[in-house]
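# Per-entry structural report
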Number of protein chains: 2
Amino acid sequence: MLDAVANGRDIDALMLDIGARATAAARPLAIASTEQKNKALNAMADAIVAARDTILAANADDLREVEGSGLQASFIDRLTLTDQRILDMADGIRAIAAFKDPVGEVIAAWDRPNGLKIERIRTPLGVIGVIYESRPNVTADAGALCLKAGNAVVLRGGSDSRRSSAAIHACLVEGLRVADLPEDAIQIVPVADRAAVGAMLTGLGGSIDVIVPRGGKNLVARVQSEARVPVFAHLEGLCHIYVDASADLDMAKEIVVNAKMRRTGVCGAAETLLVDRTAAQTHLKPLVEALRAAGCEVRASEDVRRLVSGLNPATEDDWSTEYLDAIISVRLVDGISGAIAHIGTYSSSHTEAVVAEDPAVVERFFSEVDSAILLHNASTQFADGGEFGMGGEIGIATGKMHARGPVGVEQLTSFKYRVHGTGQTRP
Amino acid sequence: MLDAVANGRDIDALMLDIGARATAAARPLAIASTEQKNKALNAMADAIVAARDTILAANADDLREVEGSGLQASFIDRLTLTDQRILDMADGIRAIAAFKDPVGEVIAAWDRPNGLKIERIRTPLGVIGVIYESRPNVTADAGALCLKAGNAVVLRGGSDSRRSSAAIHACLVEGLRVADLPEDAIQIVPVADRAAVGAMLTGLGGSIDVIVPRGGKNLVARVQSEARVPVFAHLEGLCHIYVDASADLDMAKEIVVNAKMRRTGVCGAAETLLVDRTAAQTHLKPLVEALRAAGCEVRASEDVRRLVSGLNPATEDDWSTEYLDAIISVRLVDGISGAIAHIGTYSSSHTEAVVAEDPAVVERFFSEVDSAILLHNASTQFADGGEFGMGGEIGIATGKMHARGPVGVEQLTSFKYRVHGTGQTRP
């Protein structure tokens, strides 16, 4: 794997071949039975557990290569596999096997006055392209989710984790083989050249139906700007929490601290706290103090700083910054209208929460804020396909086409119409 | 309207302004009540009926301009409005008003073990761009469908019908005004320059969420290849009918003749008839004779021509030709497997029909053919949003993303998640 490739034309030919093989594999996969797909998934999990030592050795080689290269600790952490992480990976695949098969599900059915019986049926999308960075477990997650939904997948992981990903991929192929499914159903791009990503973004000659980028902002931005096929992704998770004057203060404190501090590096972490101006005397200071007590830096608007001492000022830039760190921006707003206006201006349309007891406030928030996920009296950190009960996710999308919010197996499907007649012709 | 525009930069600025105004209008539209939208739609229908003479006069001016320009009769027919066609247009808008409002519908709802109540709710998509040719009634259809789904729309009709479309558009704006909805909710591009289409295809600075082309193959091909935003469209409707040996022959004859000859110029017209080889002696000749008796030219494979005399030969090109005329290609295939293979090779993934009494044959056809619409014992000409009971359609899509098959009001929506909690934080 990862042979030196002489030039761009060779890469193009290689990538087109991968695309053609994915398309060919997608057909039998689309009509594979649930049992066959689950047999493959469980065999993949078994193969990963059995190959633990091989995977760990490959991972050690990957880690050795980046050693001393000055990469961030968080990068090294994402690249690192342990025995436990490998077992978790296998469990994740088994959970996907246990999840219901979306393919063939009747989404809607109705009869027409002329007797035609119309059904809308879920079908696979076709071929998914997944482009990711150093996390080798994405290989297993993405491969398993795409297979469950009856799709072929072309995986292109970061070069730093290429040995780990290849070792995991071998286990996935083993599972496909056990279940007599085409081995090309899950392919991994064997070249590190960035031209391979470019080829995927143009669709591999019409083979790729959708691209899912998994990684940092630079990767997602490149994919979103260069892709000539649909993309399921979000660039940022600039999530807001609005605490209304009707909020239960204790609940608001718990939710705000959890939304910001449970894990600061995830896309569902809150980045801006909006507090109802009429609750400035009652709610503001306790919320800010709770955040500071949890170790969070608070950057605040002038009116907030007049009421709570010792806070750093928030500049205009802060309202549009996804910190992904223990920092939050805080602002007073004129009730629910002010919150909706602020979110409308600065949100990345990912996830927003309202803490309030007044149902009219909740209704306006749910109706007028146009983000993928809106939560009432719950933490923004629930923005996750697993937490939504979707049996895992391949990412969260902020676009409005096809998939929005957590992208699970159901979002990796399309549909077709089946119409039963008894000889009807159209007048 | 349609002022001369000095240069491309002016058009760009004009189009960006149209996009910005559409985006601004989309917000109040997204939260407009069903009553308010229906009030606007009914007022539009009233205004169109009241302005009949004005619309007919504008249409006469459009027709005068193309007179003697050697355009096809079918083109002139599509451009021509009559009193009846105007009344039909108004009725079409009233039917859309009477159809259920998709916005706010709870598509799915479930509870999580931690008590979170999750709902998936339909929302408008945002801003739709519609690019069409000479049919002025598309102005009314598209404007009304987009409004019903809570979307703003930017209409760009053909320059030959610009006066008719402008007169109709004035009635739509009148309806918006009556219902206190933003007039920018339905805009029509006032310049004939093709650069305006180019600007729409790049999304008007991020304003347009999806483009719907309505017109011939050249228009759709240009839109599909140049658009940098999602497109709902089909390039061709190369529809097949497979007649199985288990088919009721009388039913098959009626369906085949209707599918081909009811209207030969529509996208749901059948272009290829596949007959089960084991029914060559029983079904083939009666089917071919019925087609010829209805005035259809039959182009046939060699084995068909040996069994039925006087047929023109079908070349390889015929299997991939959408005639849109009284011509059909006919081939014998090896049962359902042969039919599935032929359709897999030549279909445009639009609509296919099977005529059969054997449920196993129907099941394989429905399972293994991957086209937007599959019909059993019914004519392909039912491929239509109105016939599907969708309250009208803006077109039929063959892509697999978001919308597939007839694109009605429901397909012009997106969704978001609303999550109700009682103070849940994520462990």
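Residues numbered from 1 in each chain as written. Chains lettered and ligands numbered in written order. Predicted model: local features only at pLDDT ≥ 70, side-chain atom pairs only at ≥ 80, totals over all residues. Heavy atoms only, no water.

The name an unreviewed UniProt entry gives chain A is Gamma-glutamyl phosphate reductase, with Ferirhizobium litorale as the organism. Under the UniProt heading Function (unreviewed entry), the entry covering chain A gives this text: "Catalyzes the NADPH-dependent reduction of L-glutamate 5-phosphate into L-glutamate 5-semialdehyde and phosphate. The product spontaneously undergoes cyclization to form 1-pyrroline-5-carboxylate." Database annotation for chain A, UniProt heading Catalytic activity (unreviewed entry): "L-glutamate 5-semialdehyde + phosphate + NADP(+) = L-glutamyl 5-phosphate + NADPH + H(+)". (UniProt positions renumbered as here; feature names shortened; annotations may be inferred.)

Glancing now at the overall build of chain A. Secondary structure summary: chain A contains 14 helices and 16 strands in total. Since a compact globule built from 427 residues should have a radius of gyration of about 22 Å, the 24 Å found for chain A is in line with a globular shape. By principal-axis analysis of the C-alpha atoms, chain A measures approximately 75 × 65 × 40 Å. In chain A, which comprises 427 residues, the proportion classed as buried is 55%. Looking at chain A alone, contacts between residues at least 24 apart form 72% of all its contacts between residues at least 6 apart. Accessible surface computed for chain A: about 16000 Å², of which carbon and sulfur atoms make up 49%. Each charge class in chain A can be summarised by its mean position, and for the 43 positive and 56 negative side chains these summaries are 4 Å apart. (Helix = DSSP H or I, 4+ residues; strand = E, 2+ residues; numbered from the N terminus. Rg over C-alpha atoms; globule rule 2.2 N^0.38 Å. Buried < 20%, exposed > 50% of the residue type's maximum accessible area, 1.4 Å probe, protein only. Contact = heavy atoms within 4.5 Å. Areas by Shrake-Rupley, 256 points an atom, 1.4 Å probe, with all protein chains shown as cover. Lys, Arg positive; Asp, Glu negative; His and termini not counted. Charge placed at Lys NZ, Arg CZ, Asp CG, Glu CD.)

This part is about the packing of aromatic side chains. The tally for this structure, following the rule as stated, stands at six aromatic pairs over all chains. Between Phe-388 of chain A and Tyr-417 of chain B the ring centres are 5.2 Å apart and the planes differ by 90°, which places this aromatic pair in the edge-to-face class. With Phe-388 of chain A in the loop between strand 13 (373-378) and strand 14 (396-397) and Tyr-417 of chain B in strand 16 (residues 413-424), this pair bridges two chains. When sorted by exposure, Phe-388 of chain A lands in the same class as Tyr-417 of chain B, which is buried. (Phe/Tyr/Trp six-rings, centres within 6.5 Å; stacked < 30°, edge-to-face > 60°.)

As a further point, take the side chain of Ser-348 of chain B. All names here are of chain B. With respect to the helices, strands and loops of the structure, Ser-348 is situated in the loop between helix 13 (335-346) and strand 12 (351-355). A polar contact of 2.9 Å, which involves the side chain of Ser-348, links it to the backbone oxygen of Glu-236. Aside from chain neighbours lying at most four places away, what touches Ser-348 is Glu-236, Gly-237, Leu-238 and Thr-398. (Polar contact = N/O pair within 3.5 Å; in protein donor to acceptor, adjacent residues only side chain to side chain.)

We now examine the environment of Ala-294 of chain B. Tracing the backbone shows Ala-294 of chain B in the loop between helix 11 (280-293) and strand 9 (297-300). For the pair Ala-294 of chain B and Arg-156 of chain B, spaced 138 residues apart in sequence, the C-alpha to C-alpha distance is 38 Å.

Ranked by internal contacts, the top residues of the largest apolar core, which has 76 residues, are Ile-48 and Phe-232 of chain B. Core analysis: the next-biggest nonpolar cluster, separate from the first, contains 75 residues, Ala-32, Leu-155, Leu-172 and Ile-394 of chain A among them. (Core = buried A, V, L, I, M, F, W, Y, C linked by side-chain atoms within 4.5 Å.)

All right, on to the pattern of salt bridges then. Taken as a whole and judged by the stated rule, the model has 66 salt bridges over all chains. Residues Arg-292 of chain A and Glu-289 of chain A are paired through a salt bridge, measuring 3.8 Å at the closest nitrogen-oxygen approach. With Arg-292 of chain A and Glu-289 of chain A both in helix 11 (residues 280-293) and three residues apart, the pair spans about one turn of that helix. Taking the relative accessible area as the measure of exposure, Arg-292 of chain A reaches 31% and is therefore partly exposed. Overall, the relative accessible area of 33% leaves Glu-289 of chain A in the partly exposed class. Where Arg-163 of chain B meets Asp-62 of chain B, a salt bridge forms, and the shortest distance between an N and an O atom there is 3.0 Å. Of this pair, Arg-163 of chain B sits in helix 7 (residues 162-178) while Asp-62 of chain B is found in helix 3 (residues 52-66), placing the two residues 101 residues apart along the sequence. Since its relative accessible area comes to 26%, Arg-163 of chain B is described here as partly exposed. Residues joined by salt bridges that share partners form a network here, namely Lys-100, Glu-105, Arg-122 and Glu-410 of chain A together with Arg-120 of chain B. (Salt bridge = Lys/Arg side-chain N within 4 Å of Asp/Glu carboxyl O.)

Our next topic: the domain arrangement of chain A. You can read the domains of chain A as domain 1 (8-232 + 407-418) and domain 2 (239-387). Just the C-alpha atoms count here: the centres of domain 1 of chain A and domain 2 of chain A sit 35 Å apart. (Domains from an automatic or database assignment.)

Further remarks concern the sheet that holds strand 9 of chain B. Strand pairing in a sheet relies on backbone hydrogen bonds, with the paired strands running either antiparallel or parallel. Across the sheet, which stays open at both edges, the 10 strands sit in the order 1(A)-2(A)-16(A)-13(B)-12(B)-7(B)-8(B)-11(B)-9(B)-10(B) with mixed pairing between neighbours. Each edge of the sheet is formed by a strand with only one pairing partner; in this case those strands are strand 1 (106-111) of chain A together with strand 10 (312-313) of chain B. Sheet analysis places strand 9 of chain B next to strand 11 (residues 327-333) of chain B, joined by four bridges and oriented parallel. Bridging across to strand 11 of chain B, Val-298 of chain B finds its partner in Ile-328 of chain B. Sheet contacts for helix 11 of chain B: strand 7 (239-243), strand 8 (270-276), strand 9 and strand 11 of chain B; angle to strand 8 of chain B, the most-contacted strand, approximately 160°. (Pairing = 2+ DSSP bridges. Axes fitted to C-alpha atoms, helices over the stretch in contact; angles between N-to-C directions.)

With that settled, consider the environment of Gln-36 of chain A. All names here are of chain A. Residue placement: Gln-36 occurs in helix 2 (residues 34-50). Through-space distance from the C-alpha of Gln-36 to that of Ala-142 is 18 Å; in sequence the pair is 106 residues apart. Among residues more than four places away in sequence, those in contact with Gln-36 are Ala-179, Asp-180 and Leu-181.

Now for the UniProt feature "domain: Aldehyde dehydrogenase" (unreviewed entry) in chain A. UniProt's entry tags residues 38-293 of chain A with the feature "domain: Aldehyde dehydrogenase" (unreviewed entry), counted in the numbering of this structure. The span residues 38-293 of chain A shows a helical share of 48% and a strand share of 18%, and its end C-alpha atoms are spaced 47 Å apart.

Glancing now at the interface of chain A and chain B. Contacts between the two partners involve 72 residues from chain A, matched on the other side by 72 residues from chain B. Across the chain A/chain B interface, buried area totals approximately 5800 Å², and carbon plus sulfur atoms make up 51% of it. Contact with chain B buries area across many residues of chain A, yet Met-401, Tyr-417 and Arg-426 of chain A alone supply 14% of it, more than any other trio. Here chain A and chain B share four salt bridges between them. Residues Glu-387 of chain B and Arg-426 of chain A are paired through a salt bridge, measuring 3.3 Å at the closest nitrogen-oxygen approach. Across the contact surface, chain A and chain B share 51 residue pairs in polar contact (both at pLDDT 80 or more). (Buried area = accessible area lost by both parts, 1.4 Å probe.)

All names here are of chain A. Packing of helix 2 against helix 6 (residues 137-148) leaves a shortest axis separation of 9 Å and a crossing angle of 165°. For the element pair helix 2 / helix 6, the angle class is roughly antiparallel. Viewed along their axes, helix 2 and helix 6 form a crossing whose handedness is right-handed. Listed contacts from helix 6 to Lys-37, Asn-38, Ala-40, Leu-41, Met-44 and Ile-48 of helix 2 are Ala-140, Ala-144, Leu-147 and Lys-148. (Parallel < 35°, antiparallel > 145°, perpendicular 65-115°, else oblique. Left-handed = near helix turned anticlockwise from the far one by under 90°.)

Further remarks concern the relation of the copies chain A and chain B. Between chain A and chain B, the superposition needs a rotation of 180° and an axial shift of 0.0 Å, giving an RMSD of 0.0 Å. On the angle and the small slide along the axis, the relation comes out as a two-fold axis. Of the C-alpha atoms belonging to chain A, the one lying closest to the rotation axis is found on His-402 of chain A, 2.0 Å away. Mapped onto chain B, 100% of the interface residues of chain A again fall at the interface, so both copies present the same surface. (Least-squares fit on C-alpha atoms with pLDDT ≥ 70 in both.)

Residue and element names in this part refer to chain B. Across the eight residues of strand 2 (residues 117-124), six count as buried, placing the element largely inside the fold. Bridge analysis of strand 1 (residues 106-111) against strand 2 gives five bridges, and the strand direction is antiparallel. Bridging across to strand 2, Ala-109 finds its partner in Glu-119. Count of turn residues in the strand 1/strand 2 antiparallel hairpin: five residues, of which Gly-115 carries a positive phi of about 95°. Where strand 2 lies against strand 16, eight bridges are found, and the strand directions are antiparallel. Within the sheet, the bridge partner assigned to Arg-120 lies in strand 16 and is Tyr-417.

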